[in-house]
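As a plain string of letters, each chain reads:
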Amino acid sequence: MSNSAEEEWVKKWESLRIFEAEVDRSKNKVFVTFPIPYMNGPLHLGHAFTASRVDSYAKFKKLHGFNVLFPQGWHWTGQPIVSAADRLAKGDETMVKEFREIDKVPEDILEKFKDPVFMARYYTDRNRQAMKKLGLGIDWRREFNTTSYDPRFSSFIEWQFLTLREKGYITKGSHPVVWCPRDKSPVGDHDRLQGEGVYPVEFRLIFFKLKGEDSYLVASTLRPETIFGVTNVWVGPDLTYVKAKINGKIWIVGKSAVERLKDQLFEVEVVSEIQGKDLVGKEVLAPLINKEVPVLPANFIDPEIGTAVVYSVPAHAPYDYLALRDLQKIGYEGAKGLKPISIIRVEGYGDYPAVEEVEKLKIKDQNDQKADLATKNIYSAEFRKGVLKENCGEFAGLSVNAARKLVYEKLEEIGLASTMWELPEPVICRCTARCHVKILQDQWFLKYSDEEWKEKARECVRAMNIFPEEARQWFLDVIDWLNDYPCARQSGLGTPLPWDKNWLVETLSDSTVYMAYYTIAHRLKKYRPEQLRKELYDYVFFGKGEPSDVSSLTGIPEDELEAMRDEFLYWYPVDLRVSAKELVPNHLTFFIFHHVALFEKKFWPKAIGVNGMLRVEGEKMSKSKGNVITIEDGIKEFGADALRIALLSSSEYMDDANFKKEYARSIKERIERLIQDIRQDISSSSEADLSSYDIWLINNASKVSKDIEQNMEKMNVKISVTQAFFIMENAYREYKKYVNGKLNLSVIKDFVKYWSIMLAPFVPFTAEEIYRIVGEKSSVFLEAWPSKIPYDEIVDVEIELVNRLVGDIKEVLKLIKSKPTKLTVFVVDKGEAEKISEGNAEKDKINRFMKLKVSMPDLIKGYVGKVDEKEIYIKHIEYIKRQAGIHVEVKNVSEAGPDEMQRAKNALPFKPALVFK
RNA sequence: GCGGGGGUCGCCUAGCCAGGUCAAUGGCGCUGCCCUGAGGCGGCAGUCCCGUUGGGGUACGUGGGUUCAAAUCCCACCCCCCGCACCA
C-alpha cells in the first residue's frame, strides 16, 4: 500500500475519533502504555517494535469491545539533549554529522539546535508524526513532555515527590561516584573514553608505622587478609609523597592521593612533601603481626590508584614477586634474604601461586603486561577456594572470603586500617581527564533499600501478569538487589525538586507514575499551571478532601474536578505496560516501586510485557555503526504495515529480535499481492452451493480466530501475527487449489471480512483496505472480533484424509519408475475397518495399524471406522485426480481383482492401498 | 563475578512449559519446470542420506541419565547474547 493511502486512513481515524478514549461505564476498559521515549533523536525500529506490540494488544482488545486507552508522552528529562546542544554549539563535527546524516535534520533547523528545548520540541513533533504513520492507535489529546517546559506535568511531579517524601520514601545521604575532576561532574559509562564498566570498589588502607617516627606509611590493598604474608613495603622511588595530618594521625601517601582523599570526605592537612627514594630503606612495622619489614623501591606502582604505597606479599601477588625478583637480580642489598611467605592453601596451586603463575606465563619482569592476568587468576582462585594456613593466627582455617572481612575488622578495631573508594582500572573521561571516586554529599535518595517497600513491590510482582513468565523472577531479583537510588541531579532538563530547587528530579525517577497523569492530562490543559496544586492531585488520585474545597483553592469547577476523579477511577490501574528487557532492572522496577508507594492496591499495575532488543541484520543498532533505521525511513521504504509485520514476527518472549530488510521487502510485496488478489477474486467469482471446501475455508478462519485470542491474551504477538497473516493466507491459497479457481463469492466475502478483522491489530491499513473491498464503508475498528465463526470438524477430517491420500500418491509416483496411466485406490471395507480398529483381525494387520495410529493427528484418530472413507474419496475425486495427474478410481478391497489383490489387501483404515497400472 | 535469556536441518526462525501427530514450522537462499522477447515479479515442484509402493538410517551445542518413547524432562560441561545504577 502506498504511503499516501496509509496517510488517508490516519486522517479518517482522526476524523472518526476512533482512538480517542472517553470514560464509558457501560464498557470494560483497558489501559495500555508504551514508555515515553527520550527526545534526542528520531525514533527508530526498536521503538517501533515495542510500540507495535502495545498497539496490537490495544487494537485486539478494542475489537473485543473494550474501551481502550493508549496515550503517549515524551521524555525530555536529563542531560543528553543539553549535552548534544552544547557540543553542537561548540561546533563538534561528529555531532553535526550525526544530526545531518543519520537524523536527517535540515540545515535551517540544525542551526537552532544549540537551544536544547528547541531540539526536544523538534523531535517531539517529528516523532509524533512517525508514530501516527506507523498506525498506532494513540489518543493524542493526552500528550505531555516531562520537564518544566510543560509546567502542568511539572506540577504533577512536584505532587509525586512531595507525597513520596511525606510517606518517608525519600532520604538524604552521600554516595560514591566516578568523578571527572575537570568537568566536575559524575561520569557515566557512555561518557568515558576508557574504562567502560569500571565501578568504585572499596580499597583497604593499612597503616605501617615508621620505625622511630610518629607517622604511618599507608598502604592500599584489596586483600587485607594477606597481611600475614608481608615481606616488605613498596614505594615508587620517583614518585612524590606527602606527610599529611588525617584523622589525628600523620599519614604518608602518594601526593596524587590527596585530592582523591579529600573528595572522599577525609580532612587532609598536608604537612610536608617527601620523595619516594627517601622512604626507601626505612623500616616499618606491619600491623597485627607486629613484624618489622623494609621499605623497598618498585616501579609497577600506579600513583593514580590508592595511596601509591603497597605492601608486598610475594607468595601470592605476582607483581610483588616480580618486583622482588627484579631487585634480587641486580643484587639489591635491601632485598637480600627476602623470601615469599606462603599463607594460603588453594586447590590447583602449591605453596607459592605467584611464583607458579609467573613461571607458567613466562613473565619477564614487573613491567610485563602479563602480570595483570596472573594477578587475576590467583585473585579469583584464592577468593573462591583459598583457605588461610596455620601461620595466620586466629584466622587460620578460615576461607579467604571470610578472612578478608574479619582481618579488616580487626585492623580497624585497633585503629590501623581505614577505607577509601577506588577505581580498580583507569577511567578516562571524554574530556581526556583521568577520573577518580568522589563521595557526593547531600544527595536525595529514593529509599529502594527499604524492606517494607520492597515487600510491597514483590507483592505487586507476584499478583501481576508478566509476559513472558520468565521475566517475573528477574523482577524479584532486581527488587532484592536494588539499593537507595539518587533521584535528583544538578544539570540537564527536568522538574526542580519542590523543596530544594537546586536539584532536578532525575530521568528514571520522574517517569514512574506518569500513567496516572495521562488519565487527566487532556482536562488539565484547560487550566493554568499554578491552579494545579497538590490538593488537586490528592483529590483526583486519593479522593482526599472535598471537591468544593479543592475547587475554591484551585479555581477549577467542582464538576470538572469530579470528572477528573472519575477518569482516574475508571482508567486506573494500568492494564499493560510493554518495553524491551533493558528496562527491567531500572525503569520497569521503579514503575512498580512508585505505584505501590503511592497508590492503594487496586490501582497497582496489572501486567507487564517484556520483549527482546531489536537488532538490524544481526547487529546491534548504534549511531557509530551507522545502522540505525528510523521509523520514518522504515515506513518510506516498506510501508507501515510491512514494517509492522517484519518487526512483530521477528521474535517472541525475551529473545532478541532481528530485523531484516530483505524480509520486510518481501512482506511488502506479499501485502500488495494479497490486496490485489482479493480484489480480483471477489470481482471474478460468483455464488455457488456450499461445498466441503467452502466449509473447510471457514473452519480455518474459525480456528485462527480462537488461536489468536488465546495467544494475544499472553502477549504472544509473533505467533498471532503468523496466524492472522500467514496461516490465513495459506488457507486461502489452499482453498483456491481445492476449488480449482471456482471461488464461492459469499464464502470468500465472509472469509475475507473475518480476515480483515483478524489482521486489524497487526496491519491496520491493510485490514481497512480489505474491509473496504468486501463492501464495508466505515472502519474495521468499529467491528467486533469474530469469536463465533462456525466450525465443522467432520469436514476437516475429510480434507485431512484426502490430503494424506494425495501425499501418499505423490510419494509413490516419485519412487516408481514406470509411467502409470491409471490408479485404483482400494479402501478397507466398512465392517473390516471397525474390526481392525477394535483389534479383531490378523496380528500383522493390527500391528501395522497400531503403528499407523500413533502417527495420526488427534483430529482424525477418533474417526477411525466411523466415517465412510470410500465415499469421502469419491466425493473429492476431481481434486485427487488433478493432484495425481492420472486417472483415479476408488474401490473397496473386496472389489479387487486377482491381479490387484496382492497390494489391495495391505489397505488399512485411513491408509488405502494404491494400485497403479 | 552476579543475575536473566539462549544454542534447532546453508542462513534466519517455530516447536520445548503440558514427551509420542517431529526429518521437525515459516521465510531467505539454492535447483528444476511453467510464465516472459529476455530479466524481475508470479506459479508449481524439490532442497539430510539411502530406497522402482507410501519405508529405513542419521539428526535438534557436547556428554551422560530418566522413559516403551526425548528437540522436548533431569544432571554436568562448552559457547553466545543482555543487564549490573547517577545512563537514557
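Note that the structure is a prediction, hence the values are computed from the model and not measured.

Colleague: Before we go on, may I ask you to explain the overall build of chain A in this structure?
Modeller: Scanning chain A from N- to C-terminus turns up 34 helices and 32 strands. What you see for chain A is a C-alpha radius of gyration of 38 Å, clearly larger than the 29 Å of a compact globule of 917 residues, by over 25%. Along the three orthogonal principal directions, the C-alpha set of chain A runs to about 120 × 80 × 50 Å. The 917 residues of chain A split such that 55% are buried. Across chain A, contacts joining residues at least 24 apart in sequence account for 76% of those joining residues at least 6 apart. With the model as given, the accessible surface of chain A reaches about 39400 Å², and the carbon-plus-sulfur share is 49%. Positive and negative charge centroids in chain A, built from 134 and 139 side chains respectively, lie 3 Å apart.

Colleague: I keep staring at the confidence of the model for chain A and nothing clicks. Help me out?
Modeller: Close inspection of predicted coordinates is inappropriate in any region flagged by low pLDDT. For chain A, mean pLDDT is 90; residues scoring 70 or higher make up 100% of the total. The ipTM for the predicted assembly is 0.90, set against a pTM of 0.86.

Colleague: Looking at this model, I keep getting lost on the pairing of strand β24 (residues 500-505). Mind explaining?
Modeller: Within a regular beta strand, the side chains point alternately toward one face of the sheet and then the other, so they alternate between its two faces. Looking at chain direction, strand β22 (residues 488-489) and β24 are connected through two bridges and run antiparallel. In the sheet register, Arg 489 faces β24, and the bridge partner there is Leu 504. Linking strand β23 (residues 496-497) back to β24 in an antiparallel pair, the connection comprises two residues.

Colleague: I'm lost on the sheet that holds strand β25 (residues 576-580) in this one. Help?
Modeller: By way of backbone hydrogen bonds, the strands of a sheet pair with one another, either parallel or antiparallel. Strand order in this open sheet of five strands is β2-β1-β25-β26-β20, and the pairing throughout is parallel. Looking at which strands have only one partner, the edges of the open sheet turn out to be β2 (67-69) and β20 (465-467). In this sheet, adjacent strand axes meet at a mean angle of 15 degrees when their direction is disregarded. Here two bridges tie strand β1 (residues 29-33) to β25, and the two strands are oriented parallel to one another. Bridge assignment links Val 32 to a residue of β25, and that residue is Leu 576.

Colleague: Teacher, can you tell me more about helix α23 (residues 661-684) here?
Modeller: Each α-helix turn comprises 3.6 residues. Residues three or four places apart therefore point the same way. Given a rise of 1.5 Å per residue, 24 residues ought to cover 34 Å, and the 34 Å separating the end C-alpha atoms of α23 matches this to within 8%. Buried within α23 are the following residues: Ala 664, Ile 667, Ile 671, Leu 674, Ile 675, Ile 678, Asp 681 and Ile 682.

Colleague: Could you clarify how one ought to interpret the packing of helix α2 (residues 45-63) against helix α22 (residues 640-648) in this entry?
Modeller: Packed helices, taken two at a time, are described by the angle between their axes plus the distance between the axes. Packing of α2 against α22 leaves a shortest axis separation of 9 Å and a crossing angle of 95 degrees. In terms of orientation, α2 and α22 fall into the roughly perpendicular class. Residue-level contacts link Leu 45, Ala 48, Phe 49, Ser 52, Arg 53, Asp 55, Ser 56 and Lys 59 of α2 to Leu 643, Arg 644, Leu 647 and Leu 648 of α22. Classifying every residue of the contact of α2 with α22 by side-chain character gives six nonpolar, two polar and four charged.

Colleague: So what exactly am I meant to see when it comes to the nonpolar core here?
Modeller: Taken as a class, soluble globular proteins show a tendency for nonpolar side chains to be buried jointly. Judged by nonpolar contacts, the single largest core of 160 residues is most densely connected at Phe 99, Phe 113, Phe 659 and Tyr 873. Counting residues per element, this core draws most heavily on helix α25 (residues 717-738), at 10 residues. Ignoring any residue separated from it by four or fewer positions in sequence, one finds Phe 659 in contact with Leu 45, Leu 614, Arg 615, Val 616, Glu 617, Ile 629, Phe 638, Leu 643, Ala 646, Leu 647 and Ala 664. Ranked by size, the runner-up nonpolar core spans 73 residues in total, among them Trp 159, Phe 475, Leu 561 and Trp 604.

Colleague: Teacher, can you tell me more about the sheet that holds strand β19 (residues 436-446) here?
Modeller: Sheet architecture is open: four strands sit in the order β4-β3-β19-β21, paired in antiparallel fashion. Of all the strands in the sheet, the pair left with one neighbour each is β4 (185-186) and β21 (485-486).

Colleague: What exactly am I supposed to notice about the pairing of β25 here?
Modeller: Most of β25 is tucked away, with five of its five residues classed as buried. Handedness of the crossover joining β25 and strand β26 (residues 607-611) through helix α20 (residues 584-598): right-handed.

Colleague: Is there a simple way to think about the protein's contact with RNA strand B in this case?
Modeller: As a matter of local geometry, RNA strand B sits amid 55 residues, with Tyr 38, His 175, Tyr 199, Pro 486 and Asp 808 nearest to it. Of all atoms in RNA strand B that approach within 4 Å of the protein, 64% are sugar or phosphate atoms. Asp 477 places a side-chain nitrogen or oxygen 3.1 Å from a sugar or linking oxygen of RNA strand B. Lys 718 places a side-chain nitrogen or oxygen 2.7 Å from a sugar or linking oxygen of RNA strand B.

Colleague: Would you take a moment to explain the layout of surface pockets for this structure?
Modeller: The gaps left among the atoms become clear once a water-sized probe is rolled over them. Of the voids in this model, the second largest pocket is the one considered here, and its volume is about 1600 Å³. Taken together, 40 residues line the second largest pocket, and the ones lying closest to its centre are Phe 203, Leu 222, Tyr 319, Thr 375 and Pro 424. By residue number, the principal contributor to the lining of the second largest pocket is helix α12 (residues 370-385), which donates five residues. Residue composition of the lining of the second largest pocket, grouped by class: 19 nonpolar, 10 polar and 11 charged.

Colleague: Before we go on, may I ask you to explain the packing of helix α7 (residues 151-166) against helix α17 (residues 534-542) in this structure?
Modeller: At a minimum axis separation of 9 Å, α7 and α17 run at an interaxial angle of 75 degrees. It follows from the interaxial angle that α7 and α17 lie roughly perpendicular. Where α7 abuts α17, its residues Arg 152, Ser 155, Phe 156, Trp 159, Leu 162, Thr 163 and Glu 166 lie against Lys 534, Tyr 537, Asp 538, Phe 541 and Phe 542.

Colleague: For this particular structure, what's the right way to read unusual backbone geometry?
Modeller: What you tend to see is this: most non-glycine residues have negative phi, and most peptide bonds are trans. At the junction of Phe 467 and Pro 468, the peptide bond is cis and its omega measures out at -5 degrees in the coordinates. Along the chain, Pro 468 falls in the loop between β20 and α15 (471-481). The step from Tyr 572 to Pro 573 runs through a cis peptide bond, and the omega angle for that step is 5 degrees. Within the element layout of this structure, Pro 573 appears in the loop between α19 (558-571) and β25. Here Asn 247, not a glycine, exhibits a phi torsion of approximately 45 degrees, which is positive. Positive phi values are uncommon outside glycine, yet Asn 290 reaches one of about 45 degrees. Within the element layout of this structure, Asn 290 appears in the loop between β12 (283-286) and β13 (291-297).

Colleague: Whenever I open this one, the pattern of salt bridges confuses me. Can you help?
Modeller: Where charged atoms of side chains with opposite charge meet at close range, the side chains can pair. For the coordinates displayed, the defined rule picks out 73 salt bridges. Put simply, Arg 128 and Glu 143 hold a salt bridge, and the shortest N to O gap is 2.7 Å. In this pair, Arg 128 is assigned in helix α6 (residues 116-133) and Glu 143 in the loop between α6 and α7, connecting sequence segments 15 residues apart. Since its relative accessible area comes to 17%, Arg 128 is described here as buried. The residue Lys 501 makes a salt bridge to Glu 158 at a minimum N-O spacing of 4.0 Å. In this pair, Lys 501 sits in strand β24 while Glu 158 sits in helix α7, placing the two residues 343 residues apart along the sequence. Classification of Glu 158 as partly exposed rests on a relative accessible area of 26%. Connected through salt bridges with shared partners, the residues Arg 17, Glu 20, Glu 22, Asp 139, Arg 141, Arg 142, Arg 523, Lys 526, Glu 560 and Glu 567 form a single ionic network.

Colleague: Even after reading the chapter, I still don't get the packing of aromatic side chains, so can you show me in this structure?
Modeller: Each aromatic ring pair is described using two quantities: the centre-to-centre distance and the angle formed by the ring planes. Scanning all chains against the criterion turns up 60 aromatic pairs. Taken together, a centroid distance of 5.4 Å and an interplanar angle of 50 degrees make the contact between Trp 159 and Phe 542 tilted. Within this pair, whereas Trp 159 is found in helix α7, its partner Phe 542 is found in helix α17, the two being separated by 383 residues in sequence. Ring centres of Phe 541 and Phe 568 lie 5.0 Å apart, and the angle between their planes is 70 degrees; this geometry places the pair in the edge-to-face category. Here Phe 541 is found in helix α17, whereas its partner Phe 568 is found in helix α19, with 27 residues between them in sequence. Relative accessible area serves as the criterion here: at 2%, Phe 541 is assigned to the buried category. The buried category is assigned to Phe 568, whose relative accessible area is 0%. A cation over a ring is seen here: Lys 59 above Trp 13, with NZ or CZ 5.7 Å from the ring centre. Over the aromatic face of Tyr 408 sits the side chain of Arg 204, whose NZ or CZ is 3.8 Å from the ring centroid.

Colleague: How should the environment of Thr 432 be read in this particular structure?
Modeller: Residue position: Thr 432 is located in the loop between β18 (428-429) and β19. Residues Thr 432 and Asp 125 lie 307 residues apart in sequence; the distance between their C-alpha atoms is 36 Å. Residues in contact with Thr 432, not counting those within four places in the same chain, are Arg 182 and Leu 193.

Colleague: What should I look at first to understand the side chain of Ser 509 in this one?
Modeller: When you line up the elements, Ser 509 lands in the loop between β24 and α16 (514-524). Note on Ser 509: relative accessible area 0%, which makes it buried. Not counting chain neighbours up to four residues away, the residues in contact with Ser 509 comprise Gln 160, Phe 161, Leu 446, Tyr 485, Cys 487 and His 594.

Reading the values: rules and limits
- Residues numbered from 1 in each chain as written.
- Chains lettered and ligands numbered in written order.
- Predicted model: local features only at pLDDT ≥ 70, side-chain atom pairs only at ≥ 80, totals over all residues.
- Heavy atoms only, no water.
- Helix = DSSP H or I, 4+ residues; strand = E, 2+ residues; numbered from the N terminus.
- Rg over C-alpha atoms; globule rule 2.2 N^0.38 Å.
- Buried < 20%, exposed > 50% of the residue type's maximum accessible area, 1.4 Å probe, protein only.
- Contact = heavy atoms within 4.5 Å.
- Areas by Shrake-Rupley, 256 points an atom, 1.4 Å probe, with all protein chains shown as cover.
- Lys, Arg positive; Asp, Glu negative; His and termini not counted.
- Charge placed at Lys NZ, Arg CZ, Asp CG, Glu CD.
- pLDDT = per-residue confidence, 0-100.
- Pairing = 2+ DSSP bridges.
- Axes fitted to C-alpha atoms, helices over the stretch in contact; angles between N-to-C directions.
- Expected span 1.5 Å × (residues − 1).
- Parallel < 35°, antiparallel > 145°, perpendicular 65-115°, else oblique.
- Nonpolar A, V, L, I, M, F, W, Y, C, P; charged D, E, K, R; others polar.
- Core = buried A, V, L, I, M, F, W, Y, C linked by side-chain atoms within 4.5 Å.
- Right-handed = clockwise from strand over helix to strand, strands pointing away.
- Near = heavy atom within 4 Å.
- Polar contact = N/O pair within 3.5 Å; in protein donor to acceptor, adjacent residues only side chain to side chain.
- 1 Å grid on protein atoms, 1.4 Å probe; cavity = no way out; pocket = protein on both sides within 12 Å on 5 of 7 lines; lining within 4 Å.
- Points joined across faces, edges and corners; volume = space filled by probe spheres on them.
- Salt bridge = Lys/Arg side-chain N within 4 Å of Asp/Glu carboxyl O.
- Phe/Tyr/Trp six-rings, centres within 6.5 Å; stacked < 30°, edge-to-face > 60°.
- Lys NZ or Arg CZ within 6 Å of the ring centre and 35° of its normal.

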